[in-house]
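Below, each chain spelled out in residue letters.
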Amino acid sequence: MTVISAENGQDEVVVMTNNSNIPKAKEHDEIPVIDLSNPNTEHLLQQILRACTTWGFFQLIHHGIPLPLIQSYRESKARFFSMPYETKLSLKRNAQNARGYFDDELTKRRRDWKEALDVGVPGSRNWDVADFDESNACLDGFNQFPTQEDCPNFREITVQYFEECAKLSNRLARLMARALGITEGSEDEQILDRMALDHTSYLRMNFYPPCDLNDASTVIPDDPPPLGISPHRDAGFLTILLQDDDCHSLQVARYEDSDLGSENSWVTVNPLPGSVTINTGDMAMIWSNGIFRAPLHRVLTDPTKKRYSSPFFYNPGYNELISPLDCCCFEKNKEVKYRPCLWGYFRALRFAGDLTDLGVEIQTSHFKMDNKSDHIEKQDKFQKVVNFEENFNVEKYRSILESND
């Protein structure tokens, strides 16, 4: 039995043995705000449990990332996107390299209204090694940074911010585990130890230019208006998002069964100055056997403002099979909802879907016990032939990854 302190000060008892007892976001609720400096650990865990099981989102204050570093990172990121288009295009990602610049990403098989740059933990796990050194090869590819001349100190500042996010992610993952009842040093915690050492996280820098819907060149006839990012769930374990303080474009679906065509189904995340926004991802949902929610969210366009954001995606190691925790299943006499999911396979399909249409976008629902999906068989085939120490190649694995439907 878990006791959660509600926003109104009343205690709410939640028995984590039946999903029907997990609290849901209510009409009057707002995205929770959690203070990581709270000295009352029990209360902090209660807040995290409630946030991850209801919204799947929360704003985090006193998170420990130095504010001067955040400001330097914001300025450096803005300088990058102000570079000439041809300079950015020279860093473009491709079917053999998931990392780099792009302005043509597909979300839910629809093009996003944004520019972006992805950088990730090097294959060597050593930022001092040259970016294109062979030891840095991995499924996600090689980092592509602008030169010092084109964007002074960009690489140094980005790496510092990246490592701060990785450190915070590890801390949050362990708090999420404690909130589920996992004890320190237990077998269930070992996946977090491995993730701290082998995580395959990446940092995305987004730039959303103004989108004037009255401009005929912006809107495609008979198509819905463009979105900064279409509705989606994050694939990894958790996300740390840095938004502009005056940016109110991120929205989260209030309920899983919402009518997403209804505007009151979407709730805007209004960032607090100095905060970061946290959301749980698909892997955390499988890991918790569906107790944690991986929420649908989207990003709106703005007709006049240019805006920036930076999600840090904390991801498991490529070879990690994510399975529901014993403490979320057998110890509570609860049925196992998901089959094991190989993160490297899930990530490869998501990246392939960003670049080309394989006929399906992989979802956690494909791994549900009651889903007769062919992804389990495909995952096994993929694991037998893939080399996670070389760059992913969409065409090389197309015959395995492509939908048969």
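Everything below is about the structure printed above this text.
Values in this document were obtained by computation on a predicted structure and should not be read as measured data. (Residues numbered from 1 in each chain as written. Predicted model: local features only at pLDDT ≥ 70, side-chain atom pairs only at ≥ 80, totals over all residues. Heavy atoms only, no water.)

With that settled, consider the overall build of the protein chain. Along the backbone of the protein chain there are 9 helices and 18 strands. When contacts within the protein chain are restricted to residue pairs at least 6 apart in sequence, long-range pairs at least 24 apart make up 74% of them. Accessible area for the protein chain stands at about 17,700 Å²; split by element, carbon and sulfur atoms hold 49% of it. (Helix = DSSP H or I, 4+ residues; strand = E, 2+ residues; numbered from the N terminus. Contact = heavy atoms within 4.5 Å. Areas by Shrake-Rupley, 256 points an atom, 1.4 Å probe, with all protein chains shown as cover.)

Let us look at the packing of aromatic side chains. Considering all chains together, one arrives at 23 aromatic pairs under this definition. Residues F80 and Y101 carry aromatic rings whose centres are separated by 6.4 Å and whose planes lie at 55 degrees to one another, so their mutual orientation is tilted. Here F80, found in helix α2 (residues 67-81), pairs with Y101, found in strand β5 (residues 100-102); they are 21 residues apart in sequence, far enough to count as distant. The pair F80 / Y101 is uniform in exposure class, with both members buried. With a centroid separation of 6.3 Å and an interplanar angle of 75 degrees, the aromatic rings of Y85 and Y101 are classed as edge-to-face. Taken as a pair, Y85 in helix α3 (residues 85-89) and Y101 in strand β5 lie far apart in primary sequence, 16 residues in all. Owing to a relative accessible area of 37%, Y85 belongs among the partly exposed residues under this scheme. The exposure class assigned to Y101 is buried, which follows from its relative accessible area of 0%. Put simply, the rings of F80, F81, Y85, Y101, F145, F154, F207 and Y308 pair up and form one aromatic cluster. If you follow R93 out to its NZ or CZ, it ends over the ring of F102, 3.6 Å from the centre. (Phe/Tyr/Trp six-rings, centres within 6.5 Å; stacked < 30°, edge-to-face > 60°. Buried < 20%, exposed > 50% of the residue type's maximum accessible area, 1.4 Å probe, protein only. Lys NZ or Arg CZ within 6 Å of the ring centre and 35° of its normal.)

Let us look at the packing of helix α1 (residues 41-53) against helix α4 (residues 154-179). Running from N to C, α1 and α4 cross one another at 90 degrees; their axes reach a closest spacing of 9 Å. Overall, the two elements α1 and α4 adopt an arrangement that is roughly perpendicular. On α4, the residues touching L44, L45, I48, L49 and C52 of α1 are L175, M176, R178 and A179. When the residues that make up the contact of α1 with α4 are grouped by side-chain class, the tally is 8 nonpolar, no polar and 1 charged. (Axes fitted to C-alpha atoms, helices over the stretch in contact; angles between N-to-C directions. Parallel < 35°, antiparallel > 145°, perpendicular 65-115°, else oblique. Nonpolar A, V, L, I, M, F, W, Y, C, P; charged D, E, K, R; others polar.)

Let us now look at the environment of Y308. Along the chain, Y308 turns up in strand β16 (residues 307-314). C-alpha of Y308 to C-alpha of F81: the two residues are 227 residues apart in sequence and 9.5 Å apart in space. When near neighbours in sequence (up to four residues on either side) are disregarded, Y308 contacts K77, A78, F81, N206, F207, Q243 and D244.

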